[in-house]
Amino acid sequence: QVQLVESGGGLVQAGNSLRLSCAASGRIFSTYAMGWFRQAPGKEREFVAAITWGGDIMYYADSVKGRFTISKDNAEKLLYLQMNSLRPEDTAVYYCAARSGSYYYTAARDYEYWGQGTRVAVSS
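Residues numbered from 1 in each chain as written. Predicted model: local features only at pLDDT ≥ 70, side-chain atom pairs only at ≥ 80, totals over all residues. Heavy atoms only, no water.

What to know about the overall build of the protein chain
Within the protein chain, the regular secondary structure consists of 0 helices and 11 strands. The N-to-C order of helical and strand elements in the protein chain reads β-β-β-β-β-β-β-β-β-β-β. Relative to the 2.2 N^0.38 estimate, which gives 14 Å for 124 residues, the radius of gyration of the protein chain is 13 Å and therefore close to what a compact globule would have. Summarising its shape, the C-alpha atoms of the protein chain cover approximately 40 × 25 × 25 Å along the three principal directions. In the protein chain, buried positions account for 44% of the 124 residues. Taking contacts inside the protein chain between residues at least 6 apart in sequence as the whole, the part at least 24 apart equals 61%. Considering the protein chain, the positive charge centre built from 13 side chains and the negative charge centre built from 11 side chains are found 1 Å apart. (Helix = DSSP H or I, 4+ residues; strand = E, 2+ residues; numbered from the N terminus. Rg over C-alpha atoms; globule rule 2.2 N^0.38 Å. Buried < 20%, exposed > 50% of the residue type's maximum accessible area, 1.4 Å probe, protein only. Contact = heavy atoms within 4.5 Å. Lys, Arg positive; Asp, Glu negative; His and termini not counted. Charge placed at Lys NZ, Arg CZ, Asp CG, Glu CD.)

Written out as structure tokens, the structure reads:
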């Protein structure tokens, strides 16, 4: 089993930055691929970013490419999402997810474990 706990959400003005963290516990963190998803009110959960278990390959949704950066600290069992140049349309609950595997994964159905989410609100 893997337990995931997100933190770092909050209310910010457009153009500002936030860094989300996801603390993992349980099975060996370094062998898990990780990802970030988000869900805005009234919308389906959507992919944001993913990273391989080794942390060497990252993949981003087009809507966040160039603004968000995903990273992974295997020693500390932490996953991060650095969000810069935030926009009102980034407002959502952000979830981290994990699964065993050596590649990166962009579909929610591919992930085994989920955190409870952290809320991000961006005002204009």
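From this point, things continue past the structure.
A word on the state of the cysteines
Overall, the coordinates contain 1 disulfide when judged by the stated rule. Cys22 shares a disulfide with Cys96; S-S distance 2.0 Å. With the S-S dihedral at roughly 45°, the linkage between Cys22 and Cys96 falls on the right-handed side. Taken together, the residues Cys22 in strand β3 (residues 18-26) and Cys96 in strand β9 (residues 92-100) connect sequence positions 74 residues apart. Assessed through its relative accessible area of 0%, Cys96 is described here as buried. (Disulfide = S-S within 2.5 Å.)

A closer look at the environment of Arg19
Inspection of the secondary structure assignment puts Arg19 in strand β3. Taking the C-alpha atoms as reference, Arg19 lies 16 Å from Lys77; in sequence the two are 58 residues apart. In this structure, Arg19 is in contact with Ser7, Gly8, Tyr80, Leu81 and Gln82, ignoring residues within four places of it in sequence.

Remarks on the sheet that holds strand β1 (residues 2-7)
Taken in spatial order, the 4 strands line up as β1-β3-β8-β7 in an open sheet, and their pairing is antiparallel. Each edge of the open sheet is held by one strand with a lone partner, namely β1 and β7 (68-73). Direction aside, the axes of adjacent strands within the sheet are offset by 15° on average. Pairing analysis gives 6 bridges linking β1 to β3, with the strands arranged antiparallel. The residue bridging Gln3 from the neighbouring strand is Ser25, located in β3. (Pairing = 2+ DSSP bridges. Axes fitted to C-alpha atoms, helices over the stretch in contact; angles between N-to-C directions.)

As for the packing of aromatic side chains
Inspection of the entire model under this criterion finds 9 aromatic pairs. Considering the side-chain rings of Phe47 and Tyr59, the 6.1 Å spacing of their centres and the 35° angle between planes classify their relative orientation as tilted. Remark: Tyr59 occurs in strand β6 (residues 58-60) and Phe47 occurs in strand β5 (residues 46-51); sequence separation between them is 12 residues. The class of Tyr59 is partly exposed, set by a relative accessible area of 38%. Chaining the aromatic ring pairs together yields one cluster made of Phe37, Phe47, Tyr59, Tyr103, Tyr104, Tyr105, Tyr111 and Trp114. Looking at Arg45, its charged tip hangs above the ring of Tyr95, at a distance of 3.8 Å from the centre. Of note, Arg99 hangs over the ring of Tyr105, and the distance from its end group to the ring centre comes to 3.9 Å. (Phe/Tyr/Trp six-rings, centres within 6.5 Å; stacked < 30°, edge-to-face > 60°. Lys NZ or Arg CZ within 6 Å of the ring centre and 35° of its normal.)

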